Structures are given as C-alpha cells and as structure tokens.
Amino acid sequence: MPDRPLPPLDLDRHYRQIVQSAIDYAIVGCDTDGRVTSWNEGARRVLGWSEQDMLGQTVHRFFTPEDNASGTVEREMAQARRAGRAADERWHLRAGGERFWASGELMPLRDEGGAITGFVKILRDRTEQRVGEARLRELTATLQASEQRLQLALDVGGMGVWQVNLQTREVVWWPGMAEIHGLPAGAAPPAADGYARLIHPEDRDRVLQAMRDTIAQRRSQHIEYRVLWPDGSCHWIEARSRLFCDAQGAAWAVAGVCLDITPRKRVEGDLRFLARASAELAGLTDYQSTLDRIAHLAVPEFADWCMVDILGEDGALERVAVAHSDPAKEQLARDLHRRFPPDPGRIAGAGPMNVLRTGQPERIREITGELLDRAVAQTDYLAMLRAMGVRSYIGVPLAVRGKVLGAITFVTGESHRLYRRGDLALAEELGRRAAVALENAMLLRALQESDRAKDVFLATLAHELRNPLAPVWNGLTIITRAPHDSQRVLQVAGMIERQVGQLARLVDDLLDVSRISTGKIELKKQPADLAAILHSAIETSRPHIESARHGLSLEVPREPLEVEGDPVRLAQVFANLLNNASKYTRPGGRIDVVVHAEPEWLVVRVRDTGEGIAPDMLAKVFGLFTQVTHPAERHQGGLGIGLSLVEGLVRLHGGTVEAHSAGLGQGSEFVVRLPRRPVPEQQEQRHGHEQTRPQPLAADSPAAHRILVVDDNVDAAATLAELLRMMGWEVAVANDGLSALEAVAAHSPEIVLLDIGLPDITGYEVARRIRAGAGSRQPRLVALTGWGQEQDKRMAAQAGFDEHWTKPVDPTRLQHLGRA
C-alpha cells in the first residue's frame, strides 16, 4: 500500500501550544518598542495580568519604578541586540503591586531576512530561592558573629575548647587551648597520650583517672588541676568534659572546655594567706618570734625569699629575719646583708633603703639580667644576686601610725612567679598587719620591761628605806637601854640624824623626779657663778668621796663662768653626778671635774675610773628605772633615779647631758652643757662661798613664847613639842582639829604648827576657822605635812596658812620660828 503523504505541520499553532503549556514560566512577546504582542498562561500565573490586560501595554509595567527610571528595559534590549541575549535577576512587580524576585532572559526575534522584529522575555519566579539564600547568608553571618563572640569570650575568659576522637585518637584544639598551656597561639596539640606531660606531677594521676571515668561512667566530669608551662611556671586549670556517642550508642569522642583559673586561685590563696597570717600574728607576743613568723608566713606561698629589716636607733638597717624553704639559702641572704649592707647607691632606685626613704611600696615585675647589669654597679654583689636567681621583687614599708619601723622584702626565684599589681596590694596589706603585730610585740616588751623595772625599783626602794631605818631602830634601842650614857647617846643621836637626813633626801629625790615629769617643778633662776656651784656640790659630796678614799680634782678656767639658773638645783645636778661617780668607783679611785668655756656654752665633764657602762646601756642611763638591776645583784645602794633627775634638771636649764664609756671596767664620763650667760668684759668675776655650820639648838626668840603643835601622830607631836621646849618655847599639843581650835582659844599661841591630815576635820578647815575668829589676835599658821606638791602649797595658802613646810622638818629651821 502506497504511503500517504503527511499533512503539512502547523508550526505556529504547535509553537503556541508549547508556550502555553510552560505554566511555570512567564513568556512574553513584544515588539521593538516593548509593546506586548503575546502573553502565555505562565505569564498570567506569575505576573497576575491576563493576556487581554497586557496586549498593547509595554513590558515596563512589570518592572519596578526604580528600574524603569534607570532605563533597565532599554539596556536589556540593547544587550540582546548586540549579544543575542540578555540575562538578569532582579525584582519585578505583580499586578497587585507585590514585588517578587525573578531570573529572566531577553532574546531578539528575527524575520527571514535576519532583521529584528521584536523580543521574547522569559521570567521565572525565584522569590523562595532568593529568600532562602538571603536567610542562609544571614544565618551564616550570625553564625560567624556568634563564633567570633564565642572566641572573644574564650579569649577574655581564658578558655579553650578541645576534642579527642576515641576511634582515631585524633586531638583537636580550638583557639585558646594553646595559650592556656603556655604554648604559642595555634601550636599543634600534643597526642592524646602526650597531654599527661603538661600536667603537674602531683595532679597527673587524678586527672587521667577523671578522663577514664568520663568514658567508663558515661557522665560529665569537672576537675581542677595544675599545668606546667614551658618556662617552669605553674598555672591552674578548671576542666569540664562530656562524652559523645553515635546513633548506636557507641562512644566516639570526648570534648570539653578548659578555663585558666590561676588568677582566681591566687586570690583564694591570698585571702587564705592573709587570714592565716592575721590569726598567727594575733597570737604572737614575743618580739623576735613575731619577726621570724612574719618572714616565714610568706614562704613559699607568696615568695621564695622573704627578708625583714628593722631600722635601728643609729639609722642603720638590721636584718632581723630571713625565710626560705632551704635553710642554706637563708644563710645566703644573711651573708649578702652582712657583706653588703643596704646602700641606696648599690642598687639604683630600689631596695629596703629606698622603701624606708620614700615610705612607699615598690615592685619590679621581672628582674632580667640586663636590669641587674644596669642597676647594680658592684661586681661581687651582682654575682651574689645572680646566684640567688632573683626573678621578681616587692618591697613594702613596715609602718604604723605614720612611723616607719622597717621594711619587708619579697623575692621570687625558683617558682618563676612574676609579681602583678594585685600582688603589691597583698604585700602592702601584709605589711600593715605585720607592722601592727610588731608594734604590739614592742609595746608588750616595753610594758614587760617597765613592769620588771618597777618591780626592781620597788624592791630597791624597800631596801633603801630599810637601810636607814635599821640603824635608827638599833640606835633607839641603845638609848633605851643606856639612857644615862651621855657619850653613847650623843653618838647615836648623830647617827640617827644622818640616817633621817638620808631618808629625807631619798623622798626629796622622788618628789623632784615626779615634779619634773609632770612639769610642776619651779626653778628660781638668777645669774650664778658655775665655779661656786661646783664648789657647793663638791662640799655636799665630800663625805662620800672621802669615805671611799677617792682622789678628786677640779679644773676651772680663770674667766667669768656665769649661767642663768637655779644655783640650788644646779648644785644638786653636780652633787648627784659626783655621788654617782663615788658610788660606782672602787675605793682609791679618781674623780676629775673639768670645765671648758665655749663662746655660748659652759661644758662640765665629770670623769671617774669606776665600773663603766655597757654600750647597750649608754642610751638608757638617764631613763627612770632602766639602769636599775635587781637589788640582789648590786653591791651599791641607791634607787637609780639620780641620773634621771640630772637629765631633767639640766634640760629645764636649756642644757644637755651625755654619758660616755669605753665599756665595763673602763670608767665613765658625764658631759653637761649649759648655756653661758654673757658677762661684760669689764665686770670682775667674784667668787665667794658661804659655809654652813651646825648651829646650837637655841631659839632666836626670847623664852616663853607660846606655840601650838597639832598632829594626829602622837609620837610625832610629842617629840616635836619636846624639841621646841628644849629651845625655850612654851608648847601646847593637840591631836585632832577640834582640840586644836579649843587650844587656840585657851592658850592664844603666837605660832601654830598644824598638820593637814587630821582625823575629824582637815588642817585646812582648822586654818579657815582660826582666820574667821573675830577680835582675837591671829597666830602665825605653818602647815607641817607630808604633802609637798605645788597644789598642796596653793591649797594651804588659800586656807589661810602663812607658810608650808614638808615633813620631816630640819631642826635648824625651828630655831628661826621666832623671827618676825
């Protein structure tokens, strides 16, 4: 059967069917001016307009206003003319004004002759893909920012992340892990089995066991341990780990985070250190124990070396305590201080002397070899510092209430620790607490020494009071047993007089010391001849000097030697020095008094060949009680207050006194410097001395004058009355205040010797009542009492007394009672 010819193919209809079936693509035909000539079903679906809506309209309708304004459609047409196609991706408009993202291609349509008759625009809606890509980019940027923030947090917090693959044993370290272990940033991590070498030996087994437990017990672990850096320094790490399993439950990795907690551990250690230091220092009372404990508290937690230096009275630094874990190295530090005492010129701008000079703490973070070479000039000193291996340094003052007592030096070496600013604050706090503890120990030591001195003083006082009382008692017993032996009675009376005089001087010295210390002593200053004062003092001390068979010389220049002072008190000064020299020089010794005249000063030197003074006592001899040893250890009497009295009286005269001695057994020299009173050259210096001789017991007044003695001490009143009768007085006696008033009314005495402390009313009240008596002849009132302070004298005058006498009264003074 012959083949039938096929009907001709309608290509235009076939093309239109293909175009209309592409419903996911907007296919739009247009002429060369951009007017729509065809519009498929896909265009209606994508763009929203129907074919009737768009035929004859330009394609500009589904482009955005900004693209139309910029000529986008025209540029695409031009591109298609030149290249045969123009592809783009951009925002377009739907019929409702909604924007959507589309990828498009514009191609030219040609006739049979090749001329361009129009264009076809193919668009595909890619909005969802565009939004997805934007979201992906946003998520990627967010993730990158989060990673950056995480890494920043890890860096700031000193953290690092790690992972170990349990199948391959591969170790991964994220940034930060290397730095935590003292390695360069980005350094390769050690193998899984090699990490143990970075762990401190004391913590290694514990950490490895924790890693095994993470796998075996399938639970997270939290552990703190130490690692050793390549430079030898020790750092603390806090690690948290977690086990990861696959879908089948098999463990495949262990991962975790490491945190550098070295600063936190240091703060915790510092707080524990300060708490323990405070507790230990609070319990210390001994001075040297406190110094030793201060040094050892810092080793080894805070320092490898700790030295304590105390400022001495001579301004030199004394190294009183050294601490190191190795005793041999403690000795090295002591040797260093002994061979090279602190000298600001030895180490430029640093060291204990610099701390004391400025009163400020100082820190050198790292002591390098170059720094030592620049700062230390002395070669052998530099060598010893290098041998100590010093690495970092802090010096702080030991100061309390504004007074610098010394300095504490902290040095690191073997630990490789470098001191931070926070360490300086800790050292300052330790210095403050140590200074308080040290001051407390010093105060306690001073209090104990004071108590001991007072005990010795009281024991000595009892001894000195008993000494004169014993012969007085014995003498009275002799008189009682042999009252008619006139020669023996006179001898005993002389002895009693001397012993009572000694008791009176003892009490006077005590009162003088008290008056000087309270500022209540009164000086009767006047122009006085120092030579005459010295002669008076020698006469006072001559019995002591002659009884010990000492040689005495006085060397005085031939020129005026005037001072402005109280002659009696100055004579007391030199008499005390002479008595002291006589007392502490073996019989047959020598005492020399030499006067030197300077333009503005008169200098008196009192030298002896006696026992001398120990070097450590030279600065203390003028202190009250400090020179007193236990009475049982002394071969000489005395309270030991004479030199304190000397210093006080000289100071009140504007002068100074110093003690010198080459040591025990080498004798002593006391140097008194007094301001010189200017004397006109033409004035002649007169020297005269009044001799005081014992006077017979006879009153200056005629006999039968009436006197009243009032004292609640019956024996004192009776003996004083008898003594006055022997002088020719007519005497009445009363033993209380009311009886005294009756006696005044009955006897009309011319003089009343009146005690203050009476059993009924005081002597002040008796005086006031006598003065208040009208119409009667007023007697002369003399207070006779054991109270001799200036306040007592003022109170007596206010009560109406004419005079104030302190017991015991010198009998020669009674002889002048009758004078007007």
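Keep in mind that what you see is a predicted model, and the values were worked out from it rather than measured.

**Student:** Mind laying out the sheet that holds strand β24 (residues 730-734), listing which residues take part and the relevant values?
**Tutor:** Sheet architecture is open: five strands sit in the order β24-β23-β25-β26-β27, paired in parallel fashion. Among the strands making up the open sheet, the edge pair consists of β24 and β27 (803-806). Direction aside, neighbouring strands of the sheet carry axes that sit 20° apart on average. In the sheet, strand β25 (residues 751-754) pairs with strand β26 (residues 780-785) via four bridges, with the strands oriented parallel.

**Student:** Give a detailed account of the confidence of the model for the protein, specifying residues and quantitative values.
**Tutor:** Within the protein, residue pLDDT values average 80, and 83% of them lie at 70 or more. Low pLDDT (under 50) marks residues 682-703, which in the prediction has 28 contacts with non-local residues, meaning those over four places away or in another chain.

**Student:** Can you explain the packing of aromatic side chains? Please cite residues and give values.
**Tutor:** Inspection of every chain in the model, using the stated rule, returns seven aromatic pairs. Relative to Tyr195, the ring of Trp173 lies with its centre 6.5 Å away and its plane at 85°, an arrangement referred to as edge-to-face. Of this pair, Trp173 sits in strand β7 (residues 171-173) while Tyr195 sits in the loop between α7 (177-180) and α8 (201-216), placing them 22 residues apart in sequence. The two residues Trp173 and Tyr195 agree in class, both being buried. Relative to Tyr419, the ring of Phe302 lies with its centre 5.2 Å away and its plane at 35°, an arrangement referred to as tilted.

**Student:** Summarise the pattern of salt bridges; cite the residues concerned and give the values.
**Tutor:** One pass over the structure, following the stated rule, counts 43 salt bridges. Ionic pairing is found between Glu238 and Arg240, a salt bridge with its closest N-O pair at 3.3 Å. Its relative accessible area of 48% is what places Arg240 among the partly exposed residues. Two residues, Glu722 and Arg725, come together in a salt bridge whose shortest N-O distance is 3.7 Å. Taken as a pair, Glu722 and Arg725 lie in helix α20 (residues 714-726) at a separation of three residues, close to a single helical turn.

**Student:** How would you summarise the packing of helix α21 (residues 737-747) against helix α22 (residues 763-772) if you had to cite specific residues and measurements?
**Tutor:** Between α21 and α22, the least distance of the axes is 10 Å, while the angle of their chain directions is 25°. Taken together, the axes of α21 and α22 are roughly parallel relative to one another. Like other packed secondary-structure pairs, α21 and α22 cross with a definite hand, here right-handed. Between α21 and α22, the residues in contact are Gly737, Leu738, Ala740, Leu741 and Val744 and Val766, Arg769 and Ile770, respectively. Partitioned by chemical class, the residues of the contact of α21 with α22 number six nonpolar, one polar and one charged.

**Student:** Go over the environment of Asn440, please, and point to the residues and values.
**Tutor:** Take Asn440: it is sitting in helix α15 (residues 421-481). Once the C-alpha coordinates of Asn440 and Thr290 are considered, the two residues, 150 residues apart in sequence, prove to be 9.7 Å apart.

**Student:** So what's going on with the sheet that holds strand β21 (residues 656-660)? Residues and values would help.
**Tutor:** Strand order in the open sheet made by the five strands is β17-β19-β20-β22-β21, with mixed pairing throughout. Two strands bound the open sheet, and with one partner strand each, they are β17 (551-555) and β21. The mean inter-strand angle of the sheet, taken between neighbouring strand axes irrespective of direction, is 10°. As paired elements, strand β20 (residues 601-608) and strand β22 (residues 668-675) share eight bridges and run antiparallel to each other. Within β22, the position partnered with Val604 by the bridge is Val672. Contacts from helix α18 (residues 567-583) reach β17, β19 (590-597), β20 and β22 within the one sheet, and its direction differs from that of β22 by about 175°.

**Student:** I'd love a proper account of helix α17 (residues 530-547), names of residues and values included.
**Tutor:** Here α17 is 18 residues long and its end C-alpha atoms lie 26 Å apart, about the 26 Å a rise of 1.5 Å per residue gives. Helix geometry: α17 is bent most strongly at Ser541, by close to 55°, with proline Pro543 lying one to four residues after it. Burial in α17 covers these residues: Leu530, Ala531, Ile533, Leu534, Ala537, Ile538, Ser541 and Ile545. If you check the start of α17, you find a side-chain oxygen 3.1 Å away from the backbone N of Ala531, and it comes from Asp529. In the stretch just after α17, Arg549 is the one whose phi turns positive, near 60°.

**Student:** Now, about the side chain of Glu238: what can you tell me, with residues and values included?
**Tutor:** Here Glu238 lies in strand β9 (residues 234-245). Judged by relative accessible area, which is 10%, Glu238 ranks as buried. Within the structure, the side chain of Glu238 is placed 2.6 Å from the side chain of His222, a separation counted as a polar contact. For Glu238, the contacting residues outside a window of four places in its chain are His222, Ile223, Glu224, Val257, Cys258, Leu259, Ile261 and Arg264.

**Student:** Could you give an account of the nonpolar core, naming the residues involved and the relevant values?
**Tutor:** Of all hydrophobic cores here, the largest spans 37 residues; its most connected members are Leu530, Phe574, Leu577, Val604 and Leu674. Among the elements that make up this core, the one with the highest residue count is α18 (eight residues). For Leu674, the contacting residues outside a window of four places in its chain are Leu530, Val563, Leu570, Phe574, Glu600, Trp601, Leu602, Val650 and His653. Of all hydrophobic cores here, the second largest spans 36 residues; its members include Ala277, Ala298, Ile408 and Tyr419.

**Student:** Now, about the environment of Gly406: what can you tell me, with residues and values included?
**Tutor:** With respect to the secondary-structure elements, Gly406 resides in strand β15 (residues 403-412). Residue class for Gly406 comes out buried when judged on its relative accessible area of 0%. Spatially, the C-alpha atoms of Gly406 and Val355 are 8.7 Å apart, while their sequence positions differ by 51 residues.

**Student:** Give a description of the pairing of strand β8 (residues 221-228) that names residues and reports values.
**Tutor:** Here is the key point about a regular strand: its side chains alternate between the two faces of the sheet. Strand direction decides the pairing type here: β8 and β9, joined by eight bridges, are antiparallel. When the sheet's bridge partners are listed, Leu228 is paired in β9 with Cys234. In textbook terms, the turn of a hairpin is the stretch between consecutive antiparallel strands, and for β8 and β9 this stretch comprises five residues, one of which, Gly232, has a positive phi near 95°.

**Student:** So what about the side chain of Asp203? Which residues, and what values?
**Tutor:** Relative to the assigned elements, Asp203 resides in helix α8. Residue classification places Asp203 among the buried positions, given a relative accessible area of 5%. Not counting chain neighbours up to four residues away, the residues in contact with Asp203 comprise Tyr225 and Arg226.

**Student:** So what about unusual backbone geometry? Which residues, and what values?
**Tutor:** Of note in the backbone geometry, Arg169 takes a positive phi value of approximately 65° without being a glycine. Structurally, Arg169 is set in the loop between β6 (159-165) and β7. We note that Ser748 has phi near 45°; this positive angle belongs to a residue other than glycine. Considering the arrangement of structural elements, one finds Ser748 in the loop between α21 and β25.

**Student:** Kindly report on the pairing of β20, identifying the contributing residues and their values.
**Tutor:** For β19 and β20, the ladder comprises seven bridges, and the chain directions are antiparallel. Along β20, the bridge assignment pairs Ile591 with Asp608.

**Student:** Any chance you could break down the packing of α18 against helix α19 (residues 642-652) for me, citing the residues and the numbers?
**Tutor:** One way to put it is that α18 packs onto α19 with a least axis distance of 9 Å and a crossing angle of 150°. As α18 packs across α19, the resulting crossing turns out to be left-handed. Counting all contacts with α18, which are made through Arg569, Gln572, Val573, Asn576, Leu577 and Asn580, the residues of α19 involved are Gly642, Leu643, Leu645, Val646, Leu649 and Val650. Per-class residue counts for the contact of α18 with α19 are seven nonpolar, four polar and one charged.

**Student:** Give me the environment of Ala718: which residues, what numbers.
**Tutor:** By the secondary structure assignment, Ala718 is in helix α20. Distance in space between the C-alpha atoms of Ala718 and Val733 is 7.5 Å, their sequence separation being 15 residues.

**Student:** A description of helix α14 (residues 379-388) should follow, citing residues and the corresponding values.
**Tutor:** Where α14 is concerned, the buried positions are Tyr381, Leu382, Met384, Leu385 and Met388. The buried residues of α14 all sit within an arc of 160° when viewed along its axis, so they share a single face. The exposed residues of α14 that point more than 90 degrees off its buried face are Thr379 and Ala387. Immediately beyond the C-terminal end of α14, within one or two residues, lies Gly389, with a positive phi of roughly 70°.

Thresholds, definitions, all that
Residues numbered from 1 in each chain as written. Predicted model: local features only at pLDDT ≥ 70, side-chain atom pairs only at ≥ 80, totals over all residues. Heavy atoms only, no water. Pairing = 2+ DSSP bridges. Helix = DSSP H or I, 4+ residues; strand = E, 2+ residues; numbered from the N terminus. Axes fitted to C-alpha atoms, helices over the stretch in contact; angles between N-to-C directions. pLDDT = per-residue confidence, 0-100. Contact = heavy atoms within 4.5 Å. Phe/Tyr/Trp six-rings, centres within 6.5 Å; stacked < 30°, edge-to-face > 60°. Buried < 20%, exposed > 50% of the residue type's maximum accessible area, 1.4 Å probe, protein only. Salt bridge = Lys/Arg side-chain N within 4 Å of Asp/Glu carboxyl O. Parallel < 35°, antiparallel > 145°, perpendicular 65-115°, else oblique. Left-handed = near helix turned anticlockwise from the far one by under 90°. Nonpolar A, V, L, I, M, F, W, Y, C, P; charged D, E, K, R; others polar. Expected span 1.5 Å × (residues − 1). Bend = angle between axes of the 7 residues up to and from the residue. Polar contact = N/O pair within 3.5 Å; in protein donor to acceptor, adjacent residues only side chain to side chain. Core = buried A, V, L, I, M, F, W, Y, C linked by side-chain atoms within 4.5 Å. Arc of directions from axis to C-beta.

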